[in-house]
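Summary of the model geometry
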Amino acid sequence: MNRDLLGIRQLSTDQITDLLRRSDGYFLQLNSIDPFRKSSLLDGRTVANLFFENSTRTKTSFELAEKRLGATSVNLSMQTSSLTKGESLIDTVNVICAMKVDCVVVRHSSSGVPQLLRKHLPDHIRIINAGDGGHEHPTQALLDAATLQAKLGSLKNKKIVIIGDILHSRVARSNMILLNKLGAKVTLVSPLTLTPKYVEEIFGVRVVHELADEIKDASAVISLRIQFERQSRSLFPNLSDFRMRYGLTPLRIMETNAFILHPGPVNRGVELDNEAADSEKSLILQQVKRGVAIRMAVFEWLFEDK
Amino acid sequence: MDVLLLNCRIIDPVMGRDECGVDIEIISGVITAIGKKLKSKAPIKDLQGALIAPGFFDMHVHLREPGQEYKETIETGTRAAASGGFTGICCMPNTEPPISDPFVVSFIRAKANGNIVDVEICGTMTKSRKGEELAPMQALFDSGIKMISDDGSAVASAEVMRRVFEYGKMFDFLCTEHCEEPSMTKGTAMHEGKISTKLGIPGYPSVAEDIIVARDILLAEYVGGVRYHVAHLSTRNAVQLVREAKSKGIKVSCEVTPHHFTLTDEAVETHLANAKMNPPLRENEDIQAIIRGLQDGTIDCISTDHAPHASHEKETDIMSAAYGIIGCETAIGLGLTNLVHSGKLSLMKYIEVSSTNPRALMKLPQIKISEGEKANLTVIDFDKEWTFGSEHIQSKSSNTPFIGTKLKGQPVGVINNNQSWWRDKD
């Protein structure tokens, strides 16, 4: 059976460990004196980057990974508002088939689109989920885990705190599943308005609403991006109120040795003050590097034993 | 239409009758004889013990015509209804243009004329379903409308709803509300609960439905005497609110759909947009409350909310997919399987909620299965085990999560308006 990467949920712990191990190799290569050495792993393969939702860093990261492995990349930016019905997804599927691609990297603002594509695309086309709605963003969770492991070693029993808008976050969901599989202890810190109901039970995490001392004994903190438009929907009063409650301010980071991660782009002065974003504890740029390595590892894994 | 039906089981709540091994003679669409071992010149149809019930009535069907004929037409929608065992339906007014004036009513009546299925028509409550000004109720009443609704959305303003109740009461309209507090459901695509948390899909909380049910009950009590009907009720709290209102003597009634007593929000994980409904599929506790409501009479009837949509509107991402599923063809199979064969509801009670009660709410004469009466009958193979498949769909659309579902009990024919429809043997 051909492999896909639809979500972290479908991966076994062994598969996750395997992917992380593979990515370490690519990471070393990217840090070597010849980082742009091309591999021929994806020679003759065509990968379609199908981005229905805006993305700069994820798309760039995938493109770099594809090019370094020798694939031909095509970009289909099909930004549609989630509420307009103009573009039929089925039509898009037919377009992809007609282009004879080998792999589709898909991002969409609705949960479940990779699963829907899997239902409609022929079996030989592999699918990578580059983020679907509030559901999953598996490569982000993998690159976060690779970044964390590089600093912390095994994540077993390590306290990882995820701060911010959990409700709308696919990054949070994929991270909760993955960190649990690796044995970490996950604590969510989020306002009640941005905390999905029953999240403790569904994801097996601890939930608190006050930042207080939570980061003092944490090994790492993953701060999530807050979308400004949530404010107009009464989900929090304003950015400064949010920063006061959940922002990583200089005072707060002084109290902890925890590493700081953020999926980007950072709202400086909201989730992270400059003192946090630029501190020695910040792993934000490491995450970006690991991102390319993880995506190369995912391609390798998808296309091996063919 | 002349026929001699052999070996029937007549079940008729109005006459209080449940009799096996009976023959029925129908001449020119009228029941002329009922008895054992009847002789007749009419063509014979051996029903081999099938149920004969008063014709089923579905109070909540979207025929989509005029305006959205690519989804369904009056012709295909009534065919779906007949093959689902319904001899009467009420079509909902969210057409294009909406059923806000007598011209649209005349158009539908003309198209439905001569059909085996009686088509009652629901008018809008407010002009063009905008929730702002009252629909022209006298004109709608004069064109034969008995029910009004802005179905598809709730009347958001309490003030407008109060006036709908007051003005509508003068015509004794059944005022049917789609109970959804719109400010709480914007941009949602499924029930808010464990599954929406797991899938990261914005959730429509039960309380958004309950708030409107509660508000409307208070308004109906305040106005006094208006007939208020909750469309496609889906939550445990709404069942309780209706129960309490009924015990206080408020004229409130409600309906549930087969999908809301069959599926939970977990269906979204496998069926994606084909499990996207409004109101959404809820939780197991809600199903249990609905079943108790059917048992104790809190819930008056089963309606399908038959909502055809074209494939490109459903086989798409869940946020932009349309709400609803087709329901006529699966209603009896799901009702008998999940309510009657499972021992939760007696067959007699099931027929009441499928025929007697909706007809009473629509102010239609009750069907009696007796000599001299017009034959308006639903024929059901009560023990037939079958798997629902696309070959059973008569609707123009096929948006349903029930393809492949095993069912027990199948509608096999309907007789009405001096016509009959029979299912070919599978």
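Residues numbered from 1 in each chain as written. Chains lettered and ligands numbered in written order. Predicted model: local features only at pLDDT ≥ 70, side-chain atom pairs only at ≥ 80, totals over all residues. Heavy atoms only, no water.

Take the domain arrangement of chain B next. Residue and element names in this part refer to chain B. Partitioning chain B into structural domains gives domain 1 (3–52 + 371–422) and domain 2 (56–361). Of note, the centres of domain 1 and domain 2, computed from C-alpha atoms alone, are 26 Å apart. Contact with domain 1, which involves 40 residues of that partner, is made by 50 residues of domain 2. Overall, the association of domain 1 and domain 2 removes approximately 3500 Å² of surface from exposure, summing both partners, and the carbon and sulfur fraction of that is 66%. (Domains from an automatic or database assignment. Contact = heavy atoms within 4.5 Å. Buried area = accessible area lost by both parts, 1.4 Å probe.)

Bringing the interface of chain A and chain B into the picture now. Taken residue by residue, the interface counts 26 residues in chain A and 18 residues in chain B. The tally of links from chain A across to chain B stands at 1 salt bridge. The shortest N-O distance in the salt bridge between A:Glu201 and B:Lys194 comes to 3.0 Å. For the pair chain A and chain B, the number of links is 9 residue pairs in polar contact (both at pLDDT 80 or more). Among the secondary structure elements, those contributing two or more residues to the side of chain A that touches chain B are α3 (89–98), α4 (113–120) and α7 (199–203) of chain A. Its residues placed into classes, the side of chain A that touches chain B shows 10 nonpolar, 11 polar and 5 charged. (Salt bridge = Lys/Arg side-chain N within 4 Å of Asp/Glu carboxyl O. Polar contact = N/O pair within 3.5 Å; in protein donor to acceptor, adjacent residues only side chain to side chain. Helix = DSSP H or I, 4+ residues; strand = E, 2+ residues; numbered from the N terminus. Nonpolar A, V, L, I, M, F, W, Y, C, P; charged D, E, K, R; others polar.)

What follows covers the pairing of strand β1 (residues 46–51) of chain A. Residues and elements named next belong to chain A. Counting buried positions along β1 yields 6 of 6 residues, so the element is predominantly enclosed. Residues Thr 46, Ala 48 and Leu 50 point to one face of β1 and Val 47, Asn 49 and Phe 51 to the other, with burial holding for every one of them. Pairing of β1 with strand β2 (residues 72–77) involves 6 bridges; the strand directions are parallel. The partner of Phe 51 across the bridge, within β2, is Ser 77. Where β1 and strand β3 (residues 103–108) come together, 5 bridges link them in parallel fashion. Looking at β3, one finds that Val 47 is bridged to Cys 103. (Buried < 20%, exposed > 50% of the residue type's maximum accessible area, 1.4 Å probe, protein only. Pairing = 2+ DSSP bridges.)

Next up on the list: the domain arrangement of chain A. Frequently, the measure chosen for interface size is the accessible area removed from exposure when the parts meet. Residue and element names in this part refer to chain A. Partitioning chain A into structural domains gives domain 1 (13–136 + 288–303) and domain 2 (138–286). With 26 residues of domain 1 at the contact, the number on the domain 2 side is 25 residues. When domain 1 packs against domain 2, close to 2000 Å² is buried across both sides, 60% of that on carbon and sulfur atoms. Contact with domain 2 buries area across many residues of domain 1, yet Leu 20, Glu 136 and Arg 290 alone supply 28% of it, more than any other trio. Inspection of the domain 1/domain 2 interface yields 1 salt bridge. Note that Arg 170 is salt-bridged to Glu 53, the shortest N-O span being 2.7 Å. Counting across the interface, domain 1 meets domain 2 through 11 residue pairs in polar contact (both at pLDDT 80 or more). Of all the secondary structure elements, the ones that give two or more residues to the side of domain 1 that touches domain 2 are α1 (13–30), α2 (57–68), β3, β4 (126–132) and α11 (284–303).

Right, let's talk about empty space enclosed by the protein for a bit. Rolling a probe over the atoms, with the probe sized like a water molecule, indicates the empty space that remains. Residues and elements named next belong to chain B. All told, the structure shown has 6 cavities of 30 Å³ or more when counted by the stated rule. When its volume is computed, the second largest cavity comes out at roughly 60 Å³. Together, Phe 56, Phe 86, Pro 258, Ile 302, Ser 303, Thr 304, Ala 331, Ile 332, Tyr 350 and Ser 354 line the second largest cavity. Those elements giving two or more residues to the lining of the second largest cavity turn out to be α12 (328–340) and α13 (347–361). Looking at the lining of the second largest cavity residue by residue, the class counts come to 7 nonpolar, 3 polar and no charged. (1 Å grid on protein atoms, 1.4 Å probe; cavity = no way out; pocket = protein on both sides within 12 Å on 5 of 7 lines; lining within 4 Å. Points joined across faces, edges and corners; volume = space filled by probe spheres on them.)

A few words on the side chain of B:Thr264. Residues and elements named next belong to chain B. Along the chain, Thr 264 falls in the loop between α8 (258–262) and α9 (267–271). Residue classification places Thr 264 among the buried positions, given a relative accessible area of 18%. Those residues within four positions of Thr 264 in sequence are excluded, and the remaining contacts are Leu 281, Arg 282, Glu 283, Asn 284 and Ile 287.

Residues and elements named next belong to chain B. Core analysis: the largest hydrophobic core is formed by 77 residues, its most contacted members being Phe 165, Leu 233, Leu 294, Leu 339 and Tyr 350. Two domains each provide a minimum of three residues to this core, namely domain 1 (3–52 + 371–422) and domain 2 (56–361). Filtering out sequence-adjacent residues up to four positions away, Leu 339 remains in contact with Phe 261, Ile 291, Leu 294, Ile 302, Leu 334, Lys 344, Leu 345 and Tyr 350. (Core = buried A, V, L, I, M, F, W, Y, C linked by side-chain atoms within 4.5 Å.)

In this section: unusual backbone geometry. Between B:Glu65 and the following residue, B:Pro66, the backbone shows a cis peptide bond with an omega angle of 5°. As for its placement among the helices and strands, B:Pro66 is situated in the loop between β6 (56–61) and α1 (74–83). Omega for the bond connecting B:Glu96 with B:Pro97 falls within 30 degrees of zero, at 0°, which places this linkage in the cis form. Position of B:Pro97 relative to the elements: it lies in the loop between β7 (86–91) and α2 (102–112). In this model, A:Lys100 sits at a positive phi of 55°, which is unusual for a non-glycine residue. Structurally, the position occupied by A:Lys100 is in the loop between α3 and β3. The residue A:Tyr198 is not glycine, and still its phi comes out positive at about 60°. Tracing the chain through its elements places A:Tyr198 in the loop between β6 (185–189) and α7.

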